[in-house]
Amino acid sequence: MHTRLLHNDPQGLATAAAMLRAGGLVAFGTETVYGLGADAGNDTAVAAIYTAKGRPGHNPLISHFASADAAFEQVEATPLARRLAERFWPGPLTMVLPRTARCGISAVATAGLPTAAVRVPAGQTTQALLAACGFPVVAPSANPSGRVSPSDAQHVLAGLDGRIDAVLDCGPCRVGVESTIIDLSRDVPVLLRPGGITLEALEAACGVMLALPAGSNDARPTAPGQLSSHYAPGLPVRLDAHSVAPDEALLAFGPPLPGSALVWNLSATGDLHEAAARLFAGLRFLDMEGHRRGLVGIAVQPVPGHGLGRAIRDRLIRAACPRP
Ligand code: TXA
Ligand code: MG
């Protein structure tokens, strides 16, 4: 299959929407990461996403909408869900809610669960694409399953060229880590994945502390079907490094440790927003260049666990997990 690179102009947008409507797989940028899109109501198209990514079928997908009203046709909106939508949409928050009786999202996309994950992403092009489609678009991150998420169009092509119909170039992603996922389908709200909306902001909006899923600790929440090793570069990752060996690459945060010739600084000034936006590009760069230079691993300087640091640390911990 030839993968087309579509430009961010009216023609590119129209082509992307037409391809999605016809059951194709089109990657597009959101404010968080690039997603691999398909018509959420088309079983065959949704199944093709799992094949293209090599994703296990029990791991459900997020449906994307142009507006909260469109999302709440597919899932039961609780008062809290409406409040959070008002506060955070469009933006990097995903809510898990019960499917409505008339929900048109393919059961393949929700892995047969009685719930569906929904979000309204920000970004002019993303919004324009979803509005042009007029149907929900499922989109997991546009990377082969288990690998580092893409934060620009070239990252998508590096992993999926030849396996999908097109990539709509929406430029680099502003936030850089995936959406925060909150499960509102249970008695108490549960944080399934830390992400672009901080836990602090979410708890302030909810007015309660969020539960973390059973079996997880504070640093490592899990969503159903989420594998523990994820975001994995080829080189092994060593966390919370206080020194770096000459044969290691360095992912720095703040003033860089001395000793490595290959450094990517997430943020020289220790800014967590900048660090999130530079995280996946940095892991990709150090992996590729470190490999080329024969380095043995990537050492990561400590990143604080508050604010966006919680999502950054979550991704780094998974990147450092032993591979299956
Ligand atoms: O920022 C994002 O959320 C990006 C962009 C493209 O929107 N998407 C993304 O998708 O990160 P993905 O597939 O990489 O992660 C989706 C997560 C998975 O961990 C999955 O288990 C969880 O959402 N999920 C989806 N539906 C669910 C459900 N009904 N219940 C619980 N978790 C669900
Ligand atoms: Mg992903």
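About the criteria used
- Residues numbered from 1 in each chain as written.
- Chains lettered and ligands numbered in written order.
- Predicted model: local features only at pLDDT ≥ 70, side-chain atom pairs only at ≥ 80, totals over all residues.
- Heavy atoms only, no water.
- Helix = DSSP H or I, 4+ residues; strand = E, 2+ residues; numbered from the N terminus.
- Buried < 20%, exposed > 50% of the residue type's maximum accessible area, 1.4 Å probe, protein only.
- Polar contact = N/O pair within 3.5 Å; in protein donor to acceptor, adjacent residues only side chain to side chain.
- Contact = heavy atoms within 4.5 Å.
- Salt bridge = Lys/Arg side-chain N within 4 Å of Asp/Glu carboxyl O.
- 1 Å grid on protein atoms, 1.4 Å probe; cavity = no way out; pocket = protein on both sides within 12 Å on 5 of 7 lines; lining within 4 Å.
- Points joined across faces, edges and corners; volume = space filled by probe spheres on them.
- Nonpolar A, V, L, I, M, F, W, Y, C, P; charged D, E, K, R; others polar.
- UniProt positions renumbered as here; feature names shortened; annotations may be inferred.
- Pairing = 2+ DSSP bridges.
- Axes fitted to C-alpha atoms, helices over the stretch in contact; angles between N-to-C directions.
- Core = buried A, V, L, I, M, F, W, Y, C linked by side-chain atoms within 4.5 Å.
- Arc of directions from axis to C-beta.

Caption draft 1: Quick look at the side chain of Glu 178. For Glu 178, the location among the structural elements is in the loop between β8 (166–168) and β9 (180–183). Taking relative accessible area as the criterion, Glu 178 reaches 4% and is therefore assigned buried. In this structure the side chain of Glu 178 is engaged in a polar contact, spanning 2.9 Å, whose partner is the side chain of Arg 315. The contacts of Glu 178, once residues within four sequence positions are left out, are Thr 32, Val 33, Ser 141, Ser 149, Arg 193, Gly 195, Gly 196, Tyr 231, Phe 280 and Arg 315.

Caption draft 2: The arrangement of the pattern of salt bridges in detail. Summed over all chains, the structure comprises nine salt bridges. Two residues, Arg 186 and Asp 183, come together in a salt bridge whose shortest N-O distance is 2.7 Å. Here Asp 183 falls in the buried class, since its relative accessible area comes to 5%. Each of Glu 178, Asp 314, Arg 315 and Arg 318 takes part in a single network of salt bridges with overlapping partners.

Caption draft 3: A look at empty space enclosed by the protein. Scanning all chains against the criterion turns up one cavity of 30 Å³ or more. When its volume is computed, the largest cavity comes out at roughly 50 Å³. The biggest single contributor to the lining of the largest cavity is helix α9 (residues 309–320), with three residues. For the lining of the largest cavity, the per-class residue count stands at six nonpolar, one polar and two charged.

Caption draft 4: A look at the side chain of Thr 125. Within the fold, Thr 125 resides in helix α5 (residues 124–133). The exposure class of Thr 125 is buried, given its relative accessible area of 13%.

Caption draft 5: Here's a closer look at the layout of surface pockets. Looking at the second largest pocket, its volume works out to about 320 Å³. If you trace the second largest pocket, you find 16 residues lining it, with Val 148, His 155, Ala 158, Gly 159 and Arg 284 closest to the centre.

Caption draft 6: Focus on the UniProt feature "domain: YrdC-like" (unreviewed entry) in the chain. Within this structure's numbering, the places UniProt gives as "domain: YrdC-like" (unreviewed entry) are residues 10–197. For residues 10–197, the end-to-end C-alpha separation is 30 Å, with 29% helix and 20% strand making up the annotated structure.

Caption draft 7: How the structure looks around the sheet that holds strand β14 (residues 297–300). Taking strand neighbours across the sheet as the criterion, the four strands line up as β11-β14-β12-β13 in an open arrangement whose pairing is parallel. Among the strands making up the open sheet, the edge pair consists of β11 (237–238) and β13 (263–265). Inspection of the sheet shows β11 paired to β14 by two bridges, in the parallel sense. Bridge pairing in β14 places Val 237 opposite Ile 298. Packing of helix α8 (residues 272–292) onto the sheet brings it into contact with β12 (248–252), β13 and β14, and relative to β13 it is tilted by some 180°.

Caption draft 8: View of the nonpolar core. Leu 84 and Met 95 are the most contacted members of the largest nonpolar core, which has 66 residues in total. Apart from residues no more than four positions distant in its own chain, Leu 84 is found in contact with Trp 89, Leu 93, Met 95, Ile 182, Leu 184, Leu 202, Ala 205 and Cys 206. Val 148, Leu 266, Leu 272 and Leu 283 belong to the second-largest nonpolar core, a separate cluster that totals 29 residues.

Caption draft 9: Summary view of helix α7 (residues 199–206). Those residues of α7 that sit buried are Leu 199, Leu 202, Glu 203, Ala 205 and Cys 206. Buried positions in α7, seen along its axis, are confined to an arc of 160° and lie on one side of it. On the buried face of α7, the contacting elements are α4 (79–88), β5 (93–98), β9, β10 (190–193) and α9.

Caption draft 10: The environment of Ala 311, seen in detail. Among the structural elements, Ala 311 can be located in helix α9. Since its relative accessible area comes to 0%, Ala 311 is described here as buried. Excluding its chain neighbours within four sequence positions, the residues that come into contact with Ala 311 are Val 177, Pro 194 and Gly 195.

Caption draft 11: Layout of the sheet that holds strand β7 (residues 137–138). Pairing in this open sheet of ten strands is mixed, and the strands run β1-β8-β2-β3-β7-β4-β6-β5-β9-β10 from one edge to the other. Lying at the two open borders of the sheet, with one neighbouring strand each, are β1 (4–6) and β10. Bridge count for β5 against β9 is four bridges, and the pairing is parallel. Of the residues in β9, the one forming a bridge with Leu 93 is Thr 180. Contacting β3 (34–39) and β7, helix α2 (residues 43–53) crosses the sheet at an angle of about 145° to β3.

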